[in-house]
Amino acid sequence: MTTRRQFHRLVLQQTLIAGAAALPFVAQAQPRDPARLRVALLPDENASSLIQNAQPLQRYLEQTLNKEIELIVTTDYSSMIEAMRFGRIEVAYFGPFSYVLAKSRAPGIEPFAVGVERGSPTYQSVLIAQAGGPVKALQDIRGKAFGFGDQASTSSHLAPRAHLLKVAGLDGERDYRPVHLGTHDAVARAVQAGQVPAGALSKPILDSLVARGTIDAQRIVQLDLSAPIPNYPIVMQGNLAPGLKQAIRDAFLNMKDKEVLKAFRVEAFAPTTDAAYDVLRETATVLKLDLGSMK
């Protein structure tokens with residue numbers, strides 16, 4: 001028979017064991033304030049170009065936050081999402097839909113800033129075709145290949161795919177052949193060279209490629225523009241120390257350096273929340289895309 005004293009001793013032992021088991025989780029729950037911040041850039045163009053263009057950003061953040069800044073460009077959208085999910089990066093510049101995918105797998109991440117262009121926190125996807133090629137209008141895409149970027153890209157997949165369905169009645173499952181080329185610049189190059197007769201990418205990225213001479217504007221034609229899309233969000237890990245989170249937030253929202261802003265193709269950053277991206281969740285539902293299964 002267990003005495004009252006033995007019972008209390010047993011309860012104390014079980015309490016201590018449970019407490020010891022919980023210690024690692026308590027430690028993990030402590031707000032993080034690392035000396036080095038890993039900042040990921042969306043791999044929507046050539047990685048070396050992205051890193052080079054972001055050098056002013058690295059200098060700005062190091063001076064503003066008094067932290068070592070490591071710029072990271074992952075191999076594709078999926079690996080960036082997984083890096084955020086498993087805490088291998090602290091801050092990330094996501095595409096709108098890749099953010100939605102990341103949020104579905106890592107609910108604790110927090111969007112806090114969005115790029116503003118021409119006074120608006122939105123941008124558009126542009127659908128293009130090879131000049132003189134077989135595609136002169138959206139309906140000509142039927143039965144042909146159509147170039148998209150990464151599957152998790154907003155303006156180089158989700159938005160134009162929805163646009164083709166809504167405006168032209170073209171379903172990518174039956175009416176044309178989707179070809180995923182990875183990056184926005186790869187889509188523009190493929191269309192220009194006639195490797196695919198038509199494709200879609202971010203309008204600001206296309207404008208930048210034309211301005212740099214990477215794409216010859218005479219060799220492509222614009223077919224259409226998508227509806228406005230919520231712009232790229234800046235996202236951080238939710239488990240960072242409150243003071244650090246506020247400093248990161250202020251660094252972007254108070255950013256005035258035109259050279260730094262140029263790397264993002266925006267004129268400023270404004271506050272944002274997760275709710276701003278619900279429209280993309282709704283679009284994914286219309287297209288019958290399973291967020292949990294997408295890479």
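Before reading on, note that the structure itself is shown above.
Residues numbered from 1 in each chain as written. Predicted model: local features only at pLDDT ≥ 70, side-chain atom pairs only at ≥ 80, totals over all residues. Heavy atoms only, no water.

Trainee: So, the overall build of the protein: which residues are in play, and what are the values?
Mentor: Tallying secondary structure elements over the protein gives 11 helices and 13 strands in all. A buried classification covers 49% of the 295 residues belonging to the protein. Long-range pairs, those at least 24 residues apart, make up 79% of the contacts in the protein with a sequence separation of at least 6. (Helix = DSSP H or I, 4+ residues; strand = E, 2+ residues; numbered from the N terminus. Buried < 20%, exposed > 50% of the residue type's maximum accessible area, 1.4 Å probe, protein only. Contact = heavy atoms within 4.5 Å.)

Trainee: Account for the packing of helix 3 (residues 55-65) against helix 9 (residues 242-253), naming residues and giving values.
Mentor: Across the interface, helix 3 lies against helix 9 with an axial gap of 10 Å and an inter-helix angle of 130 degrees. The angle between helix 3 and helix 9 falls in the class oblique. As for how helix 3 packs across helix 9, the hand of that crossing is right-handed. Mapping the contact onto sequence places Leu 57, Tyr 60, Leu 61, Thr 64 and Leu 65 in helix 3 and Ala 247, Ile 248, Ala 251 and Phe 252 in helix 9. Here the residues of the contact of helix 3 with helix 9 sort into eight nonpolar, one polar and no charged. (Axes fitted to C-alpha atoms, helices over the stretch in contact; angles between N-to-C directions. Parallel < 35°, antiparallel > 145°, perpendicular 65-115°, else oblique. Left-handed = near helix turned anticlockwise from the far one by under 90°. Nonpolar A, V, L, I, M, F, W, Y, C, P; charged D, E, K, R; others polar.)

Trainee: Before we move on, can you summarise the environment of Val 286 with the specific residues and values?
Mentor: Its place among the elements puts Val 286 in helix 11 (residues 278-286). Under the relative-accessibility criterion, Val 286 is labelled exposed at 58%. Distance in space between the C-alpha atoms of Val 286 and Leu 165 is 9.7 Å, their sequence separation being 121 residues.

Trainee: With reference to specific residues and values, describe the sheet that holds strand 13 (residues 268-271).
Mentor: For sheets, the rule is that strands pair by backbone hydrogen bonds, running either parallel or antiparallel. In space, the six strands of this open sheet follow the order 2-1-3-12-4-13, with mixed pairing throughout. Looking at which strands have only one partner, the edges of the open sheet turn out to be strand 2 (68-72) and strand 13. Across the sheet, the mean angle from the axis of one strand to that of its neighbour is 25 degrees, orientation sign disregarded. Bridging between strand 4 (residues 110-116) and strand 12 (residues 233-236) involves four bridges; their strand directions are antiparallel. Across the sheet, the residue bridging to Pro 111 is Val 235, located in strand 12. Against the sheet, helix 3 engages strand 1 (36-41) and strand 2, with an angle of about 150 degrees to strand 2. (Pairing = 2+ DSSP bridges.)

Trainee: So, the pattern of salt bridges: which residues are in play, and what are the values?
Mentor: Any two side chains of opposite charge can pair, on the condition that their charged atoms come close. The tally for this structure, following the rule as stated, stands at 18 salt bridges. Arg 265 serves as the salt-bridge partner of Glu 45, at 3.0 Å between the closest nitrogen and oxygen. Taken together, the positions of Glu 45 in the loop between strand 1 and helix 2 (47-53) and Arg 265 in the loop between helix 10 (258-264) and strand 13 put the pair 220 residues apart, joining distant regions of the chain. Taking the relative accessible area as the measure of exposure, Glu 45 reaches 7% and is therefore buried. (Salt bridge = Lys/Arg side-chain N within 4 Å of Asp/Glu carboxyl O.)

Trainee: Could you give me a rundown of helix 9, with the residues and numbers involved?
Mentor: Taking 1.5 Å of rise per residue, the 12 residues of helix 9 would be expected to cover 16 Å, and the 16 Å separating its terminal C-alpha atoms lies within 8% of that figure. Those residues of helix 9 not exposed but buried are Leu 244, Lys 245, Ile 248, Ala 251 and Phe 252. Burial along helix 9 is one-sided: seen end-on, the buried residues are contained in an arc of 125 degrees. Facing away from the buried surface of helix 9 by more than 90 degrees, the exposed residues are Pro 242 and Gly 243. (Expected span 1.5 Å × (residues − 1). Arc of directions from axis to C-beta.)

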